[in-house]
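Fold and geometry: a report
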Amino acid sequence: MPHITLLAQQAKAVQVRNIFCIGRNYAAHIAELGNRPEEDPVVFIKPTSALHPPGTPIVLPAHSSDVHYETELVLLVGQGGKNIAEDKALKHIAGYGLGLDLTARDLQSKAKQGGLPWAVAKGFDCAATVTQFVPAEHIEHPHNIEFQMHLNGQIRQHGDVRKMLFPIPFIVRYLSQVFTLQEGDLIFTGTPEGVGALKTGDLARLVLPGLIDTEFNVD
Ligand code: MG
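Residues numbered from 1 in each chain as written. Predicted model: local features only at pLDDT ≥ 70, side-chain atom pairs only at ≥ 80, totals over all residues. Heavy atoms only, no water.

This paragraph deals with the overall build of the protein chain. Of the regular secondary structure elements, the protein chain holds four helices and 17 strands. Taken against the 2.2 N^0.38 rule, which gives 17 Å for 219 residues, the C-alpha radius of gyration of the protein chain at 16 Å falls within 12% of a compact globule. Dimensions along the principal axes, computed over C-alpha positions, put the protein chain at roughly 40 × 40 × 30 Å. Within the span of the protein chain, comprising 219 residues, buried residues form 52% of the whole. (Helix = DSSP H or I, 4+ residues; strand = E, 2+ residues; numbered from the N terminus. Rg over C-alpha atoms; globule rule 2.2 N^0.38 Å. Buried < 20%, exposed > 50% of the residue type's maximum accessible area, 1.4 Å probe, protein only.)

Here you go:
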């Protein structure tokens, strides 16, 4: 089973269950792709075989010629639950990490035109690339998290959780009304603007200042 690492006092391996993803959660990214904001969050799921922790290069899929990075804050669910209230939501988060919701943009655009699902555009191997996770108790103000993605030494994405259209407590409540959240679930919370193509030879660096600084080579 796929695992991630939680950077507790002694690094702890956590078995990953479901991988939920939120789409269209930052206005400037919605605009850059020519989409409209939604009344409810866009939700999709990746298979656990897409999970790719640090240590090996990202392998781009052969079935796409335009794979985009989408850098996102990723929540690790600790205690699971159903119908979780917003004021209890943060208690269900065991850790925070960063991830790349890798997207075969060519296939996704085609699927969107046909009104078809995104599985082949969002679910391939390495499509859920993640850093190690920081225990929730090390993050004093989850409402103020900022993060960056550097591509080949240049900042390409800057995320600010305060700009989320659907904030973290909303996401946890919303998902838990539809799905029973389980310990080990991951939640990708949506990408800010600045998405672009990943190419062989690229170096992607994900930074949560003072807590996470992880590099991924692209094969
Ligand atoms: Mg995304």
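Let us keep going from here.
Below, the discussion takes up the coordination of the magnesium ion. When four donors bind a metal tetrahedrally, each ideal donor-metal-donor angle is 109.5 degrees, and when six bind octahedrally, the ideal angles are 90 or 180 degrees. The protein atoms that coordinate the magnesium ion are Glu-70 (OE), Glu-72 (OE) and Asp-101 (OD), at distances of 2.0 to 2.1 Å. We note that the donor set of the magnesium ion lies within a single chain, spaced as E-x1-E-x28-D. You can see Glu-70 sitting in the loop between β6 (67-69) and β7 (71-77) and its partner Asp-101 sitting in strand β8 (residues 93-101), a full 31 residues away along the chain. The residues Glu-70 and Asp-101 share a single accessibility class, namely buried. (Donors = N, O, S within 2.8 Å, 3.2 Å for Na, K, Ca; no water.)

Moving on, we get to the packing of aromatic side chains. Following the criterion strictly, the structure yields four aromatic pairs and no others. Between Phe-166 and Phe-170, the ring centres sit 5.1 Å apart and the planes meet at 35 degrees, which makes this aromatic pair tilted. Using a relative accessible area of 18% as the deciding quantity, one classes Phe-170 as buried. Plain terms: the ring middles of Phe-170 and Tyr-174 are 5.9 Å apart, the flat faces sit at 10 degrees to each other, and that makes the pair stacked. Highlighted residues: Phe-170 and Tyr-174, both in helix α4 (residues 168-178), separated by four residues, approximately one helical turn. Grouping residues by exposure puts Phe-170 and Tyr-174 together as buried. Feature note: the residues Phe-166, Phe-170 and Tyr-174 constitute an aromatic cluster, connected by ring pairs. Positioned above the aromatic ring of Phe-170 is the side chain of Arg-173, whose terminal nitrogen or guanidinium carbon lies 4.8 Å from the ring centre. (Phe/Tyr/Trp six-rings, centres within 6.5 Å; stacked < 30°, edge-to-face > 60°. Lys NZ or Arg CZ within 6 Å of the ring centre and 35° of its normal.)

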